[in-house]
Amino acid sequence: MPSHLFADRPAQPPEPGSVDALISQTRRLRGDVDAVRRDTVVDDDDAQGRWQRALCDLAVHHLDDLREHLGQLKEGLPPAPEPVDFPQPAPETVPEAQTRVGSAEWNLLTDEVIWSDELFQIFGRSPESGALPLDELGSTLFSEDQPLLTAWVTACLVDGRPIDGEFRIVRADGRVRTLHMRGEPVLDSDGCAASMWAVLRDVSELRRSQRAVRESRDSLQRRREIAQTEHRLAVELQEAVLPPWRGSLRFPHSDAGSLDVAAHYLPSATSALIGGDWYDALELPDGSSMLTVGDLTGHGVTATSGMAMMLGALRGMAMAGIEPGPLMGWLNQLLEASVQPALGSAVCCRYDPARRTLSWAQAGHPAPLLFRRGTGRSLTPPEGVLLGATTGASYGQAEEPLQTGDLLVLHTDGLTPRSIEFSRTDGTERLLAMAPRLSAARSAQDCVRLVVEEFGDGEREDDACVLVARVGG
(Lines give C-alpha, C1' and ligand atoms only; values in the text may rest on other atoms or scores of the structure.)
Protein backbone atom coordinates (compact mmCIF):
# COMPACT_ATOMS: atom_id res chain seq x y z
CA MET A 1 0.00 0.00 0.00
CA PRO A 2 1.51 3.45 -0.87
CA SER A 3 2.47 5.55 2.10
CA HIS A 4 0.32 8.62 2.99
CA LEU A 5 -2.01 9.03 0.03
CA PHE A 6 -3.29 12.52 -0.67
CA ALA A 7 -7.03 13.25 -1.10
CA ASP A 8 -6.40 15.39 -4.17
CA ARG A 9 -4.37 12.71 -5.96
CA PRO A 10 -6.66 10.10 -7.56
CA ALA A 11 -5.49 6.50 -7.63
CA GLN A 12 -4.54 5.22 -11.08
CA PRO A 13 -5.21 1.57 -11.98
CA PRO A 14 -2.11 -0.40 -12.94
CA GLU A 15 -1.50 -1.65 -16.44
CA PRO A 16 -3.11 -5.10 -16.76
CA GLY A 17 -0.75 -6.53 -19.38
CA SER A 18 2.22 -6.92 -17.03
CA VAL A 19 0.13 -8.96 -14.55
CA ASP A 20 -1.46 -11.43 -16.98
CA ALA A 21 1.59 -13.72 -17.08
CA LEU A 22 1.77 -13.83 -13.29
CA ILE A 23 -1.93 -14.71 -13.05
CA SER A 24 -1.48 -17.56 -15.57
CA GLN A 25 1.58 -18.88 -13.75
CA THR A 26 -0.23 -18.73 -10.42
CA ARG A 27 -3.23 -20.61 -11.85
CA ARG A 28 -1.01 -23.36 -13.28
CA LEU A 29 1.00 -23.65 -10.08
CA ARG A 30 -2.18 -23.83 -8.03
CA GLY A 31 -3.42 -26.71 -10.18
CA ASP A 32 -0.13 -28.57 -9.76
CA VAL A 33 -0.14 -28.16 -5.98
CA ASP A 34 -3.80 -29.18 -5.79
CA ALA A 35 -3.00 -32.34 -7.77
CA VAL A 36 -0.25 -33.20 -5.32
CA ARG A 37 -2.65 -32.59 -2.44
CA ARG A 38 -5.28 -34.90 -3.93
CA ASP A 39 -2.68 -37.64 -4.47
CA THR A 40 -1.47 -37.46 -0.87
CA VAL A 41 -2.95 -40.46 0.93
CA VAL A 42 -3.00 -39.91 4.68
CA ASP A 43 -3.54 -42.64 7.28
CA ASP A 44 -4.70 -41.90 10.80
CA ASP A 45 -1.31 -42.89 12.22
CA ASP A 46 0.78 -41.19 9.52
CA ALA A 47 2.00 -38.00 11.22
CA GLN A 48 4.37 -37.13 8.40
CA GLY A 49 1.61 -37.59 5.81
CA ARG A 50 -0.72 -35.28 7.74
CA TRP A 51 2.03 -32.66 7.93
CA GLN A 52 2.66 -32.89 4.17
CA ARG A 53 -1.07 -32.62 3.45
CA ALA A 54 -1.34 -29.56 5.73
CA LEU A 55 1.55 -27.91 3.88
CA CYS A 56 -0.22 -28.53 0.56
CA ASP A 57 -3.42 -26.99 1.95
CA LEU A 58 -1.49 -23.95 3.15
CA ALA A 59 0.21 -23.55 -0.23
CA VAL A 60 -3.16 -23.69 -2.00
CA HIS A 61 -4.54 -20.95 0.27
CA HIS A 62 -1.52 -18.76 -0.39
CA LEU A 63 -1.84 -19.25 -4.15
CA ASP A 64 -5.57 -18.49 -4.06
CA ASP A 65 -4.85 -15.24 -2.22
CA LEU A 66 -2.07 -14.38 -4.65
CA ARG A 67 -4.29 -14.94 -7.68
CA GLU A 68 -7.07 -12.82 -6.19
CA HIS A 69 -4.64 -10.01 -5.37
CA LEU A 70 -3.17 -10.07 -8.85
CA GLY A 71 -6.68 -9.93 -10.33
CA GLN A 72 -7.47 -6.84 -8.29
CA LEU A 73 -4.14 -5.32 -9.23
CA LYS A 74 -4.97 -5.86 -12.89
CA GLU A 75 -8.41 -4.28 -12.62
CA GLY A 76 -7.37 -1.35 -10.46
CA LEU A 77 -9.52 0.31 -7.78
CA PRO A 78 -13.28 0.13 -8.53
CA PRO A 79 -15.13 3.45 -8.98
CA ALA A 80 -16.71 4.79 -5.80
CA PRO A 81 -20.50 4.24 -5.70
CA GLU A 82 -22.96 6.97 -4.83
CA PRO A 83 -23.22 7.41 -1.06
CA VAL A 84 -26.95 6.66 -0.91
CA ASP A 85 -27.14 3.92 -3.50
CA PHE A 86 -25.19 0.80 -2.61
CA PRO A 87 -24.83 -1.67 -5.49
CA GLN A 88 -26.90 -4.82 -5.28
CA PRO A 89 -25.08 -8.13 -5.49
CA ALA A 90 -25.51 -9.79 -8.87
CA PRO A 91 -26.77 -13.38 -9.09
CA GLU A 92 -23.31 -14.45 -10.26
CA THR A 93 -21.68 -13.18 -7.04
CA VAL A 94 -18.53 -15.08 -6.15
CA PRO A 95 -19.29 -17.62 -3.41
CA GLU A 96 -18.47 -16.47 0.08
CA ALA A 97 -15.89 -19.17 0.60
CA GLN A 98 -13.88 -17.65 -2.26
CA THR A 99 -14.27 -14.00 -1.17
CA ARG A 100 -11.19 -13.11 0.82
CA VAL A 101 -10.36 -9.44 0.16
CA GLY A 102 -12.49 -6.33 0.50
CA SER A 103 -11.81 -2.60 0.78
CA ALA A 104 -13.31 0.29 2.72
CA GLU A 105 -12.96 4.07 3.06
CA TRP A 106 -14.17 6.19 5.94
CA ASN A 107 -14.45 9.93 5.15
CA LEU A 108 -13.85 11.89 8.34
CA LEU A 109 -15.18 15.15 6.87
CA THR A 110 -18.52 13.93 5.49
CA ASP A 111 -18.97 10.75 7.59
CA GLU A 112 -19.41 8.90 4.31
CA VAL A 113 -18.51 5.20 4.47
CA ILE A 114 -17.79 3.16 1.35
CA TRP A 115 -17.46 -0.61 1.45
CA SER A 116 -16.78 -2.89 -1.49
CA ASP A 117 -19.21 -5.71 -2.22
CA GLU A 118 -16.58 -8.20 -1.08
CA LEU A 119 -16.31 -6.56 2.35
CA PHE A 120 -20.07 -6.85 2.89
CA GLN A 121 -19.75 -10.57 2.14
CA ILE A 122 -16.78 -10.97 4.49
CA PHE A 123 -18.74 -9.38 7.36
CA GLY A 124 -21.90 -11.26 6.43
CA ARG A 125 -23.89 -8.03 5.98
CA SER A 126 -26.23 -7.04 3.18
CA PRO A 127 -25.56 -3.76 1.38
CA GLU A 128 -29.08 -2.61 2.41
CA SER A 129 -28.02 -2.66 6.07
CA GLY A 130 -25.27 -0.18 5.25
CA ALA A 131 -21.56 -0.09 5.97
CA LEU A 132 -20.32 0.26 9.52
CA PRO A 133 -18.73 3.56 10.56
CA LEU A 134 -15.41 3.39 12.36
CA ASP A 135 -16.91 3.87 15.81
CA GLU A 136 -19.26 0.89 15.27
CA LEU A 137 -16.76 -1.42 13.57
CA GLY A 138 -15.44 -2.58 16.94
CA SER A 139 -18.86 -3.93 17.94
CA THR A 140 -18.33 -6.90 15.62
CA LEU A 141 -14.99 -7.82 17.18
CA PHE A 142 -14.15 -10.21 19.99
CA SER A 143 -14.12 -8.23 23.23
CA GLU A 144 -10.40 -8.86 23.77
CA ASP A 145 -9.60 -7.61 20.23
CA GLN A 146 -11.59 -4.35 20.49
CA PRO A 147 -8.86 -2.39 22.35
CA LEU A 148 -6.38 -3.36 19.62
CA LEU A 149 -8.53 -1.92 16.85
CA THR A 150 -9.19 1.24 18.84
CA ALA A 151 -5.46 1.78 19.37
CA TRP A 152 -4.66 1.10 15.70
CA VAL A 153 -7.30 3.54 14.37
CA THR A 154 -6.26 6.25 16.85
CA ALA A 155 -2.58 5.90 15.90
CA CYS A 156 -3.49 5.96 12.22
CA LEU A 157 -5.67 9.09 12.32
CA VAL A 158 -3.67 11.05 14.89
CA ASP A 159 -0.07 10.04 14.23
CA GLY A 160 -0.36 8.88 10.60
CA ARG A 161 0.79 5.36 11.43
CA PRO A 162 -0.27 2.62 9.01
CA ILE A 163 -2.45 -0.22 10.31
CA ASP A 164 -1.17 -3.74 9.86
CA GLY A 165 -2.76 -6.30 12.16
CA GLU A 166 -5.35 -9.00 12.65
CA PHE A 167 -8.53 -9.30 14.68
CA ARG A 168 -11.47 -11.67 14.98
CA ILE A 169 -15.07 -10.80 14.20
CA VAL A 170 -18.36 -12.50 14.99
CA ARG A 171 -20.73 -12.26 12.05
CA ALA A 172 -24.49 -11.97 12.32
CA ASP A 173 -24.81 -15.68 11.50
CA GLY A 174 -22.55 -16.52 14.45
CA ARG A 175 -19.52 -17.52 12.38
CA VAL A 176 -16.13 -16.39 13.60
CA ARG A 177 -13.68 -15.06 11.03
CA THR A 178 -10.12 -13.80 11.33
CA LEU A 179 -9.40 -10.64 9.32
CA HIS A 180 -6.11 -9.01 8.44
CA MET A 181 -6.37 -5.24 8.09
CA ARG A 182 -3.96 -2.90 6.31
CA GLY A 183 -4.94 0.74 6.41
CA GLU A 184 -3.51 4.25 6.04
CA PRO A 185 -4.78 7.80 6.44
CA VAL A 186 -5.59 9.86 3.39
CA LEU A 187 -4.28 13.37 4.00
CA ASP A 188 -5.70 16.63 2.73
CA SER A 189 -3.60 19.46 1.37
CA ASP A 190 -2.85 20.64 4.92
CA GLY A 191 -1.48 17.27 5.92
CA CYS A 192 -4.42 16.40 8.15
CA ALA A 193 -6.29 13.11 8.01
CA ALA A 194 -9.30 13.53 5.74
CA SER A 195 -10.25 9.87 5.56
CA MET A 196 -8.94 6.40 6.21
CA TRP A 197 -8.65 3.76 3.54
CA ALA A 198 -8.17 0.07 4.33
CA VAL A 199 -8.00 -3.37 2.78
CA LEU A 200 -9.34 -6.25 4.86
CA ARG A 201 -8.48 -9.82 4.03
CA ASP A 202 -10.26 -12.86 5.42
CA VAL A 203 -7.38 -15.07 6.57
CA SER A 204 -9.49 -17.59 8.52
CA GLU A 205 -8.72 -20.54 6.26
CA LEU A 206 -5.10 -19.46 5.94
CA ARG A 207 -4.65 -19.35 9.71
CA ARG A 208 -6.46 -22.66 10.05
CA SER A 209 -4.08 -24.20 7.52
CA GLN A 210 -1.09 -22.69 9.29
CA ARG A 211 -2.35 -24.06 12.58
CA ALA A 212 -2.79 -27.49 10.99
CA VAL A 213 0.78 -27.31 9.68
CA ARG A 214 2.09 -26.40 13.14
CA GLU A 215 0.09 -29.10 14.88
CA SER A 216 1.02 -31.81 12.38
CA ARG A 217 4.67 -30.69 12.44
CA ASP A 218 4.67 -30.76 16.24
CA SER A 219 3.02 -34.19 16.20
CA LEU A 220 5.63 -35.46 13.75
CA GLN A 221 8.43 -34.00 15.86
CA ARG A 222 7.01 -35.64 19.00
CA ARG A 223 6.81 -38.98 17.23
CA ARG A 224 10.39 -38.62 16.06
CA GLU A 225 11.54 -37.78 19.58
CA ILE A 226 9.61 -40.75 20.97
CA ALA A 227 11.11 -42.99 18.29
CA GLN A 228 14.62 -41.73 19.08
CA THR A 229 14.08 -42.30 22.80
CA GLU A 230 12.73 -45.80 22.20
CA HIS A 231 15.64 -46.54 19.86
CA ARG A 232 18.14 -45.42 22.49
CA LEU A 233 16.43 -47.48 25.19
CA ALA A 234 16.32 -50.53 22.90
CA VAL A 235 20.02 -50.20 22.12
CA GLU A 236 20.93 -49.80 25.78
CA LEU A 237 18.79 -52.78 26.77
CA GLN A 238 20.25 -54.91 23.99
CA GLU A 239 23.81 -54.01 24.98
CA ALA A 240 23.02 -54.82 28.61
CA VAL A 241 21.54 -58.24 27.81
CA LEU A 242 23.70 -59.64 25.01
CA PRO A 243 27.02 -61.19 26.06
CA PRO A 244 29.65 -58.52 26.76
CA TRP A 245 32.57 -60.57 25.44
CA ARG A 246 34.38 -59.58 22.28
CA GLY A 247 36.68 -61.80 20.30
CA SER A 248 36.78 -65.57 20.92
CA LEU A 249 35.82 -67.63 23.95
CA ARG A 250 36.99 -71.14 24.83
CA PHE A 251 34.73 -73.63 26.64
CA PRO A 252 35.95 -75.37 28.76
CA HIS A 253 39.28 -73.71 29.31
CA SER A 254 41.57 -76.73 29.61
CA ASP A 255 39.97 -80.00 28.47
CA ALA A 256 40.47 -81.56 25.07
CA GLY A 257 37.56 -81.10 22.73
CA SER A 258 36.89 -77.55 23.91
CA LEU A 259 35.01 -75.05 21.78
CA ASP A 260 36.44 -71.87 20.27
CA VAL A 261 33.39 -69.55 20.11
CA ALA A 262 32.82 -66.14 18.52
CA ALA A 263 29.64 -64.23 17.63
CA HIS A 264 28.49 -60.96 16.07
CA TYR A 265 25.34 -58.85 15.89
CA LEU A 266 24.52 -57.27 12.51
CA PRO A 267 22.12 -54.31 12.63
CA SER A 268 19.51 -53.71 9.96
CA ALA A 269 20.38 -51.54 6.99
CA THR A 270 18.30 -48.65 8.36
CA SER A 271 19.93 -48.97 11.83
CA ALA A 272 16.59 -47.78 13.26
CA LEU A 273 15.03 -51.23 13.65
CA ILE A 274 16.35 -52.83 16.82
CA GLY A 275 14.80 -56.26 16.93
CA GLY A 276 14.69 -59.17 19.34
CA ASP A 277 17.65 -61.16 17.98
CA TRP A 278 19.97 -62.77 20.49
CA TYR A 279 23.04 -64.99 20.72
CA ASP A 280 24.79 -66.50 23.71
CA ALA A 281 27.41 -69.03 24.73
CA LEU A 282 27.69 -70.25 28.27
CA GLU A 283 29.84 -72.75 30.15
CA LEU A 284 27.61 -74.95 32.33
CA PRO A 285 28.40 -76.37 35.79
CA ASP A 286 28.84 -79.95 34.49
CA GLY A 287 31.55 -78.86 32.03
CA SER A 288 29.31 -78.80 28.96
CA SER A 289 28.61 -75.67 26.92
CA MET A 290 25.36 -74.02 25.84
CA LEU A 291 25.09 -72.30 22.44
CA THR A 292 21.98 -70.43 21.31
CA VAL A 293 20.65 -67.92 18.81
CA GLY A 294 17.06 -66.73 18.46
CA ASP A 295 14.71 -64.01 17.33
CA LEU A 296 11.46 -62.53 18.63
CA THR A 297 9.00 -60.78 16.31
CA GLY A 298 8.72 -57.00 16.50
CA HIS A 299 11.12 -54.13 16.96
CA GLY A 300 11.97 -51.56 19.56
CA VAL A 301 11.78 -51.68 23.33
CA THR A 302 9.01 -54.29 23.31
CA ALA A 303 11.09 -56.74 21.28
CA THR A 304 14.33 -56.16 23.20
CA SER A 305 12.60 -56.44 26.57
CA GLY A 306 10.99 -59.70 25.43
CA MET A 307 14.37 -60.91 24.21
CA ALA A 308 15.87 -60.08 27.62
CA MET A 309 13.15 -62.15 29.32
CA MET A 310 13.65 -65.13 27.00
CA LEU A 311 17.44 -65.07 27.17
CA GLY A 312 17.40 -64.76 30.96
CA ALA A 313 15.04 -67.76 31.25
CA LEU A 314 17.11 -69.75 28.78
CA ARG A 315 20.32 -69.12 30.73
CA GLY A 316 18.69 -70.06 34.01
CA MET A 317 17.21 -73.33 32.72
CA ALA A 318 20.47 -74.28 30.99
CA MET A 319 22.42 -73.70 34.22
CA ALA A 320 19.84 -75.89 36.02
CA GLY A 321 20.68 -78.77 33.66
CA ILE A 322 17.49 -78.82 31.56
CA GLU A 323 18.10 -80.43 28.17
CA PRO A 324 17.45 -78.42 24.95
CA GLY A 325 14.17 -80.17 24.01
CA PRO A 326 12.35 -79.69 27.33
CA LEU A 327 13.93 -76.24 27.61
CA MET A 328 12.18 -75.19 24.39
CA GLY A 329 8.86 -76.37 25.81
CA TRP A 330 9.30 -74.20 28.90
CA LEU A 331 10.24 -71.20 26.73
CA ASN A 332 7.06 -71.74 24.71
CA GLN A 333 4.96 -71.64 27.89
CA LEU A 334 6.80 -68.53 29.09
CA LEU A 335 6.09 -66.69 25.85
CA GLU A 336 2.43 -67.70 25.98
CA ALA A 337 2.13 -66.28 29.50
CA SER A 338 3.89 -63.00 28.75
CA VAL A 339 1.95 -59.72 28.72
CA GLN A 340 3.14 -58.78 25.24
CA PRO A 341 2.07 -61.45 22.71
CA ALA A 342 4.83 -62.39 20.31
CA LEU A 343 6.25 -65.24 18.30
CA GLY A 344 9.82 -66.40 18.48
CA SER A 345 12.23 -68.76 16.82
CA ALA A 346 15.29 -70.22 18.48
CA VAL A 347 17.90 -72.94 18.40
CA CYS A 348 19.56 -74.23 21.57
CA CYS A 349 22.57 -76.54 21.60
CA ARG A 350 24.33 -78.37 24.43
CA TYR A 351 27.86 -79.56 23.68
CA ASP A 352 29.46 -82.33 25.79
CA PRO A 353 33.26 -82.10 25.35
CA ALA A 354 33.86 -85.51 26.94
CA ARG A 355 31.65 -87.31 24.39
CA ARG A 356 32.11 -84.67 21.69
CA THR A 357 28.36 -84.77 21.12
CA LEU A 358 26.02 -81.93 20.26
CA SER A 359 22.46 -82.18 21.61
CA TRP A 360 20.14 -79.61 20.15
CA ALA A 361 16.55 -78.49 19.64
CA GLN A 362 14.90 -75.83 17.52
CA ALA A 363 11.67 -73.85 17.39
CA GLY A 364 10.91 -72.82 13.81
CA HIS A 365 14.51 -71.73 13.34
CA PRO A 366 17.21 -72.36 10.70
CA ALA A 367 19.17 -75.47 11.62
CA PRO A 368 22.85 -75.22 12.61
CA LEU A 369 25.32 -75.66 9.76
CA LEU A 370 28.14 -78.18 10.18
CA PHE A 371 31.38 -77.69 8.21
CA ARG A 372 33.86 -80.57 8.04
CA ARG A 373 36.98 -80.87 5.88
CA GLY A 374 35.98 -78.15 3.43
CA THR A 375 32.30 -79.06 2.95
CA GLY A 376 29.16 -78.02 4.78
CA ARG A 377 25.62 -79.24 5.41
CA SER A 378 22.55 -78.35 7.44
CA LEU A 379 21.79 -80.60 10.38
CA THR A 380 18.50 -82.47 10.16
CA PRO A 381 16.12 -80.56 12.44
CA PRO A 382 14.03 -82.29 15.10
CA GLU A 383 10.36 -81.43 15.55
CA GLY A 384 9.68 -77.90 16.77
CA VAL A 385 7.19 -75.10 16.00
CA LEU A 386 7.57 -71.38 16.61
CA LEU A 387 7.61 -70.32 20.23
CA GLY A 388 4.25 -68.88 21.27
CA ALA A 389 2.41 -70.41 18.29
CA THR A 390 0.78 -73.43 19.97
CA THR A 391 -0.20 -74.20 23.54
CA GLY A 392 1.52 -77.22 25.00
CA ALA A 393 3.78 -77.81 21.98
CA SER A 394 6.41 -80.53 22.31
CA TYR A 395 9.94 -80.12 20.98
CA GLY A 396 12.16 -82.93 19.80
CA GLN A 397 15.88 -83.21 20.48
CA ALA A 398 18.61 -84.46 18.15
CA GLU A 399 22.23 -85.49 18.67
CA GLU A 400 25.16 -85.01 16.35
CA PRO A 401 28.66 -86.45 16.95
CA LEU A 402 31.42 -83.93 16.30
CA GLN A 403 35.08 -84.30 15.37
CA THR A 404 38.17 -82.25 15.92
CA GLY A 405 38.20 -79.30 13.55
CA ASP A 406 34.43 -79.33 12.97
CA LEU A 407 32.83 -75.93 12.61
CA LEU A 408 29.28 -75.03 13.72
CA VAL A 409 27.49 -71.92 12.40
CA LEU A 410 24.28 -70.72 14.08
CA HIS A 411 22.43 -67.71 12.66
CA THR A 412 19.09 -65.91 12.65
CA ASP A 413 17.09 -65.57 9.44
CA GLY A 414 17.61 -61.80 9.14
CA LEU A 415 21.09 -62.45 7.78
CA THR A 416 19.91 -61.97 4.18
CA PRO A 417 17.52 -59.32 2.81
CA ARG A 418 13.90 -60.45 2.51
CA SER A 419 13.19 -59.88 -1.15
CA ILE A 420 12.43 -61.73 -4.33
CA GLU A 421 16.16 -62.24 -4.89
CA PHE A 422 16.89 -63.67 -1.44
CA SER A 423 15.15 -66.10 0.90
CA ARG A 424 16.09 -68.13 3.96
CA THR A 425 17.23 -70.96 1.67
CA ASP A 426 19.43 -68.57 -0.29
CA GLY A 427 21.09 -67.40 2.93
CA THR A 428 21.82 -70.98 3.94
CA GLU A 429 23.20 -71.77 0.48
CA ARG A 430 25.45 -68.72 0.60
CA LEU A 431 26.81 -69.81 3.97
CA LEU A 432 27.39 -73.37 2.76
CA ALA A 433 29.19 -72.02 -0.30
CA MET A 434 31.67 -70.40 2.08
CA ALA A 435 32.85 -73.84 3.29
CA PRO A 436 36.37 -73.69 1.81
CA ARG A 437 37.02 -70.22 3.26
CA LEU A 438 35.54 -71.06 6.67
CA SER A 439 37.52 -74.32 6.90
CA ALA A 440 40.73 -72.46 6.12
CA ALA A 441 40.15 -69.81 8.80
CA ARG A 442 42.41 -70.05 11.85
CA SER A 443 39.84 -69.22 14.52
CA ALA A 444 36.15 -68.78 15.18
CA GLN A 445 36.68 -65.03 15.20
CA ASP A 446 38.16 -65.16 11.70
CA CYS A 447 35.12 -67.16 10.56
CA VAL A 448 32.77 -64.55 11.98
CA ARG A 449 34.74 -61.84 10.17
CA LEU A 450 34.33 -63.72 6.88
CA VAL A 451 30.56 -64.03 7.41
CA VAL A 452 30.24 -60.34 8.24
CA GLU A 453 32.20 -59.44 5.10
CA GLU A 454 29.89 -61.66 3.04
CA PHE A 455 26.59 -60.44 4.48
CA GLY A 456 27.39 -57.14 6.17
CA ASP A 457 26.80 -54.86 3.18
CA GLY A 458 23.38 -56.27 2.20
CA GLU A 459 20.23 -54.16 2.45
CA ARG A 460 18.76 -56.18 5.30
CA GLU A 461 15.28 -55.24 6.51
CA ASP A 462 15.98 -56.84 9.89
CA ASP A 463 18.86 -57.27 12.28
CA ALA A 464 20.67 -60.61 12.55
CA CYS A 465 23.05 -62.63 14.70
CA VAL A 466 25.69 -65.20 13.78
CA LEU A 467 27.58 -67.50 16.17
CA VAL A 468 30.52 -69.75 15.17
CA ALA A 469 31.98 -72.58 17.29
CA ARG A 470 35.02 -74.67 16.31
CA VAL A 471 35.82 -77.98 18.01
CA GLY A 472 39.39 -78.05 19.30
CA GLY A 473 41.81 -80.96 19.48
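Residues numbered from 1 in each chain as written. Predicted model: local features only at pLDDT ≥ 70, side-chain atom pairs only at ≥ 80, totals over all residues. Heavy atoms only, no water.

**Some thoughts on the environment of Cys348**
Working step 1: Counting through the fold element by element, Cys348 comes out in strand β11 (residues 344-352).
Working step 2: As for Cys348 and Leu327, which are separated by 21 residues in sequence, their C-alpha atoms are 8.5 Å apart.
Working step 3: Apart from residues no more than four positions distant in its own chain, Cys348 is found in contact with Met290, Leu291, Thr292, Leu314, Pro324, Leu327, Met328, Ser359, Trp360 and Ala361. (Helix = DSSP H or I, 4+ residues; strand = E, 2+ residues; numbered from the N terminus. Contact = heavy atoms within 4.5 Å.)

**Notes on the confidence of the model for the chain**
Working step 1: Model confidence for the chain is summarised by a mean pLDDT of 83, while 82% of its residues fall at 70 or above.
Working step 2: Across the chain, the secondary-structure element scoring lowest on mean pLDDT is strand β1 (residues 5-6), at 44, and the one scoring highest is strand β15 (residues 398-401), at 97.
Working step 3: Low pLDDT (under 50) marks residues 1-14, which in the prediction has 26 contacts with non-local residues, meaning those over four places away or in another chain.
Working step 4: Between residues 77-98, whose pLDDT stays under 50, and residues either more than four places distant or in other chains, the model counts 23 contacts. (pLDDT = per-residue confidence, 0-100.)

**Section: the packing of aromatic side chains**
For any pair of aromatic rings, geometry is given as the distance between the ring centres together with the angle between the planes.
Working step 1: Scanning the entire structure with this criterion turns up three aromatic pairs.
Working step 2: Joined through ring pairs, the aromatic side chains of Trp115, Phe120 and Phe123 make up one cluster. (Phe/Tyr/Trp six-rings, centres within 6.5 Å; stacked < 30°, edge-to-face > 60°.)

**Focus: the sheet that holds strand β8 (residues 259-266)**
Adjacent strands of a sheet form backbone hydrogen bonds with each other and so pair up, either parallel or antiparallel.
Working step 1: Pairing in this open sheet of six strands is antiparallel, and the strands run β7-β8-β17-β16-β13-β14 from one edge to the other. Taken across any chain shown, the strands that pair with only one partner, and hence form the sheet edges, are β7 (249-251) and β14 (375-378). The mean angle between the axes of side-by-side strands here comes to 25°, regardless of whether they run parallel or antiparallel.
Working step 2: Pairing analysis gives eight bridges linking β8 to strand β17 (residues 464-471), with the strands arranged antiparallel. Among the inter-strand pairings, Leu259 is bridged to a residue of β17, identified as Val471.
Working step 3: Its contacts with the sheet place helix α11 (residues 444-455) against β8, β16 (407-411) and β17, and it is angled at close to 25° to β8. (Pairing = 2+ DSSP bridges. Axes fitted to C-alpha atoms, helices over the stretch in contact; angles between N-to-C directions.)

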